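# Results of the structural survey
Letter by letter, the chains look like this.
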Amino acid sequence: MPDAAPTEELARRAAAGDGGALEELLREIRPEVVRRCGRFLPCREDAEEAAQDVLLQLARRITTFEGRSRFSTWLYTVVANCCRQKYRELRRRAAEQPAAIEPAQHVDPRTTSVIAGSRIDLLEALERLEREHPHLVAPLVYRDICRLEYAEAAERAGIPLGTLKSRLHAARRQVRPWLSGDVPDTP
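Residues numbered from 1 in each chain as written. Predicted model: local features only at pLDDT ≥ 70, side-chain atom pairs only at ≥ 80, totals over all residues. Heavy atoms only, no water.

### Overview of the overall build of the protein
- When helices and strands are tallied, the protein shows nine helices and zero strands.
- Ordering the α and β elements of the protein from the N terminus gives α-α-α-α-α-α-α-α-α.
- Across the protein, contacts joining residues at least 24 apart in sequence account for 63% of those joining residues at least 6 apart.
- Surface exposure of the protein reaches about 10,600 Å², of which carbon and sulfur atoms provide 51%. (Helix = DSSP H or I, 4+ residues; strand = E, 2+ residues; numbered from the N terminus. Contact = heavy atoms within 4.5 Å. Areas by Shrake-Rupley, 256 points an atom, 1.4 Å probe, with all protein chains shown as cover.)

### Description of the environment of Trp-178
- Considering the arrangement of structural elements, one finds Trp-178 in helix H9 (residues 161-180).
- Among the residues examined, Trp-178 registers a relative accessible area of 14% and is labelled buried.
- For the pair Trp-178 and Leu-129, spaced 49 residues apart in sequence, the C-alpha to C-alpha distance is 9.8 Å. (Buried < 20%, exposed > 50% of the residue type's maximum accessible area, 1.4 Å probe, protein only.)

### With respect to the packing of helix H8 (residues 150-157) against H9
- The geometry of H8 relative to H9 is characterised by a closest axis approach of 9 Å and an angle of 95 degrees between their N-to-C directions. Our classification of the angle between H8 and H9 gives roughly perpendicular. Along its contact with H8, which presents Tyr-150, Ala-151, Ala-153, Ala-154 and Ala-157, the element H9 presents Leu-161, Leu-164, Lys-165, Leu-168 and Arg-172.
- Residue composition of the contact of H8 with H9, by class: eight nonpolar, no polar and two charged. (Axes fitted to C-alpha atoms, helices over the stretch in contact; angles between N-to-C directions. Parallel < 35°, antiparallel > 145°, perpendicular 65-115°, else oblique. Nonpolar A, V, L, I, M, F, W, Y, C, P; charged D, E, K, R; others polar.)

### Some details on the packing of aromatic side chains
- Under the definition given, this model contains three aromatic pairs.
- Residues Phe-65 and Trp-74 carry aromatic rings whose centres are separated by 5.6 Å and whose planes lie at 50 degrees to one another, so their mutual orientation is tilted. For the pair formed by Phe-65 and Trp-74, the shared burial category is buried.
- On the numbers, 5.9 Å between centres and 35 degrees between planes, the contact of Phe-71 with Trp-74 is tilted. With Phe-71 and Trp-74 both in helix H4 (residues 71-96), this residue pair falls three residues apart, about one helical turn. There is no split in this pair, since Phe-71 and Trp-74 are both buried.
- Among the aromatic residues, those joined into a ring-pair cluster are Phe-65, Phe-71 and Trp-74. (Phe/Tyr/Trp six-rings, centres within 6.5 Å; stacked < 30°, edge-to-face > 60°.)

### Notes on the side chain of Glu-8
- Turning to its location among the elements, Glu-8 is positioned in helix H1 (residues 4-15).
- Among buried charged residues, Glu-8 stands out as having no salt bridge; its nearest opposite-charge side chain is Arg-12, 4.4 Å away.
- Within the local environment of Glu-8, its side chain forms a polar contact with the backbone nitrogen of Ser-72, the two atoms lying 3.4 Å apart. (Lys, Arg positive; Asp, Glu negative; His and termini not counted. Salt bridge = Lys/Arg side-chain N within 4 Å of Asp/Glu carboxyl O. Polar contact = N/O pair within 3.5 Å; in protein donor to acceptor, adjacent residues only side chain to side chain.)

### Remarks on the nonpolar core
- Residues Leu-25, Val-33, Cys-37, Leu-58, Ile-62, Phe-71 and Leu-75 are the most contacted members of the largest nonpolar core, which totals 52 residues.
- Those elements giving two or more residues to this core turn out to be H1, helix H2 (19-40), helix H3 (44-61), H4, helix H6 (114-132), helix H7 (137-145), H8 and H9.
- Per-element tally for this core: the top contributor is H4, with 10 residues. (Core = buried A, V, L, I, M, F, W, Y, C linked by side-chain atoms within 4.5 Å.)

### A short note on the pattern of salt bridges
- Under the definition given, this model contains 13 salt bridges.
- The salt bridge involving Arg-12 is made with Glu-9; its shortest N-O contact spans 3.5 Å. Residue Arg-12 and its partner Glu-9 are located together in helix H1, separated by three residues, close to a single helical turn.
- Arg-12 gets classed as partly exposed once you look at its relative accessible area, which sits at 45%.
- The closest approach of N and O atoms between Arg-70 and Glu-152, which form a salt bridge, is 3.2 Å. Of the two residues, Arg-70 is situated in the loop between H3 and H4 and Glu-152 in helix H8; the sequence distance between them amounts to 82 residues.
- Assessed through its relative accessible area of 45%, Arg-70 is described here as partly exposed.
- Through salt bridges with shared partners, one network takes in Arg-84, Arg-88, Glu-127 and Glu-130.

Written out as structure tokens, the structure is:
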């Protein structure tokens, strides 16, 4: 995150209705938002689209930021949600238009980039975890993807610290075989 103190102050001012502060905040956090989106989405264009969605959501919903937690925590939640939504949209589009890509032009990112493949696998694992154990998603996203401290992740998830740690352990145990390919895709 850019220098946290000015960013936090800009967020408080923007939440209070200061349009100039909102514009400055959006300009300041944009590079970090694109980087954060890139953690989820392997294709730069998709990450940039998701970043635009994040900035739009932020502009629309900044007045809901109450300052109970750090702005960066609130922002990373918006980033995670927008990226997961963008991934769902991309999967849905691909399923609806499977013939749009010529087989000779199709490149599977899993075979071309270890980093890209791991991000795709992670998004698929998060989708599956959400279907099978929805209560385990938030702890995993907040702690392992957004890299929040345990206490901050627990606060953001709205659960006690011990519960967060327990759910995080369960989520990691559940997701690990899916990411390593040790378990079939069907539940």
